[in-house]
Amino acid sequence: MKKLVLILIVIFTIALVGFLFIFFTRYISDGEGVQAGQLTTFMHKGFVIKTYEGKIIQTGLKNAKGAIESNTVEFSVEDQEIADSLMRCTGRDVELHYKHYPNSFFWRGEQKVIVDKIVSVSKSTY
């Protein structure tokens, strides 16, 4: 009887730790903000579980030698409405509100950065 109770306690503890890990990495973000740049790529990607993935390029960043470089930001989108809107914005300047999560999950997207709102869209100046 004691052995059965001990096994049940161990199983319960492992299940609780697993649940808490998934909960905190799935629903609790460790940061959020706004990224701005030119939307260069946005696609619906995957074989079995399809996710929305995109890239924006932030230009005008100078390196230590004074040369202008660009920074690529990759992100995923969960919301179908936001994804549909971004599909029509390729080549435009966008400002996207995002949340950063500690881990990425295959059903949410490949990236840890998840866009949850489009702040603004304008014609590209490049």
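Residues numbered from 1 in each chain as written. Predicted model: local features only at pLDDT ≥ 70, side-chain atom pairs only at ≥ 80, totals over all residues. Heavy atoms only, no water.

Engineer: Can you walk me through the overall build of the chain in this structure?
Structural biologist: A tally of regular secondary structure across the chain gives two helices and five strands. Going residue by residue from the N terminus, the α and β elements of the chain occur as α-β-β-β-α-β-β. Computed over C-alpha atoms, the radius of gyration of the chain comes to 20 Å, more than 25% over the 14 Å expected from 2.2 N^0.38 for 126 residues, which places it beyond the range of a compact globule. Along the first, second and third principal axes, the C-alpha set of the chain runs to 75 × 35 × 25 Å. (Helix = DSSP H or I, 4+ residues; strand = E, 2+ residues; numbered from the N terminus. Rg over C-alpha atoms; globule rule 2.2 N^0.38 Å.)

Engineer: Which parts of the structure should I look at to understand the packing of aromatic side chains?
Structural biologist: Following the criterion strictly, the structure yields two aromatic pairs and no others. Ring pairing ties together the aromatic residues Phe 42, Tyr 52 and Phe 75, which thus form one cluster. (Phe/Tyr/Trp six-rings, centres within 6.5 Å; stacked < 30°, edge-to-face > 60°.)

Engineer: Where do I start with the environment of Pro 102 in this structure?
Structural biologist: Among the structural elements, Pro 102 can be located in the loop between strand 4 (93-100) and strand 5 (113-122). Once the C-alpha coordinates of Pro 102 and Gly 46 are considered, the two residues, 56 residues apart in sequence, prove to be 22 Å apart. Those residues in contact with Pro 102 that sit more than four places away from it in its chain are Phe 24, Thr 25, Ile 28, Asp 30 and Lys 112. (Contact = heavy atoms within 4.5 Å.)

Engineer: Sorry, what's going on with a nonpolar patch on the surface here?
Structural biologist: Among the surface-exposed residues, Phe 12, Leu 16, Phe 19, Leu 20, Phe 23, Phe 24, Tyr 27 and Ile 28 lie close enough to one another that they form a single nonpolar patch of about 810 Å² accessible area. Locating Ile 28 in the fold gives a position in the loop between helix 1 (2-27) and strand 1 (31-45). Since its relative accessible area comes to 37%, Ile 28 is described here as partly exposed. (Patch = residues over 30% accessible without salt bridge, like charges linked within 9 Å, V, L, I, M, F, W, Y side chains within 5 Å. Areas by Shrake-Rupley, 256 points an atom, 1.4 Å probe, with all protein chains shown as cover. Salt bridge = Lys/Arg side-chain N within 4 Å of Asp/Glu carboxyl O. Buried < 20%, exposed > 50% of the residue type's maximum accessible area, 1.4 Å probe, protein only.)

Engineer: What is the right way to look at empty space enclosed by the protein in this model?
Structural biologist: Empty space among the atoms can be located by rolling a probe the size of a water molecule over them. Scanning the model with the defined rule gives one cavity of 30 Å³ or more in all. By volume, the largest cavity amounts to about 40 Å³. Taken together, Gln 35, Ile 56, Val 73, Phe 75, Leu 96, Tyr 98, Val 113 and Val 115 make up the lining of the largest cavity. Mapped onto the lining of the largest cavity, the elements with two or more residues apiece are strand 3 (68-77), strand 4 and strand 5. Counted by class, the lining of the largest cavity contains seven nonpolar, one polar and no charged residues. (1 Å grid on protein atoms, 1.4 Å probe; cavity = no way out; pocket = protein on both sides within 12 Å on 5 of 7 lines; lining within 4 Å. Points joined across faces, edges and corners; volume = space filled by probe spheres on them. Nonpolar A, V, L, I, M, F, W, Y, C, P; charged D, E, K, R; others polar.)

Engineer: What should I look at first to understand helix 2 (residues 80-87) in this one?
Structural biologist: Buried within helix 2 are the following residues: Ile 82, Ala 83 and Leu 86. Mapping the buried residues of helix 2 onto a view down its axis gives an arc of 100°, with all of them on the same face. By the N-cap criterion, in which a side-chain oxygen at the helix start approaches the backbone nitrogen of a residue two or three places on, helix 2 is capped by Asp 79, the distance to Glu 81 being 2.9 Å. (Arc of directions from axis to C-beta. Polar contact = N/O pair within 3.5 Å; in protein donor to acceptor, adjacent residues only side chain to side chain.)

Engineer: Honestly, the nonpolar core in this entry has me stumped. Any pointers?
Structural biologist: Generally speaking, nonpolar side chains in soluble globular proteins are found buried as a group. Core analysis: the biggest nonpolar cluster contains 16 residues, and Leu 39, Phe 42, Phe 75, Val 77 and Leu 86 have the highest contact counts within it. Secondary structure elements with two or more residues in this core: strand 1, strand 2 (51-62), strand 3, helix 2, strand 4 and strand 5. Apart from residues lying up to four places away in sequence, Val 77 is in contact with Phe 42, Tyr 52, Ile 82, Ala 83, Leu 86, Arg 108 and Val 115. (Core = buried A, V, L, I, M, F, W, Y, C linked by side-chain atoms within 4.5 Å.)

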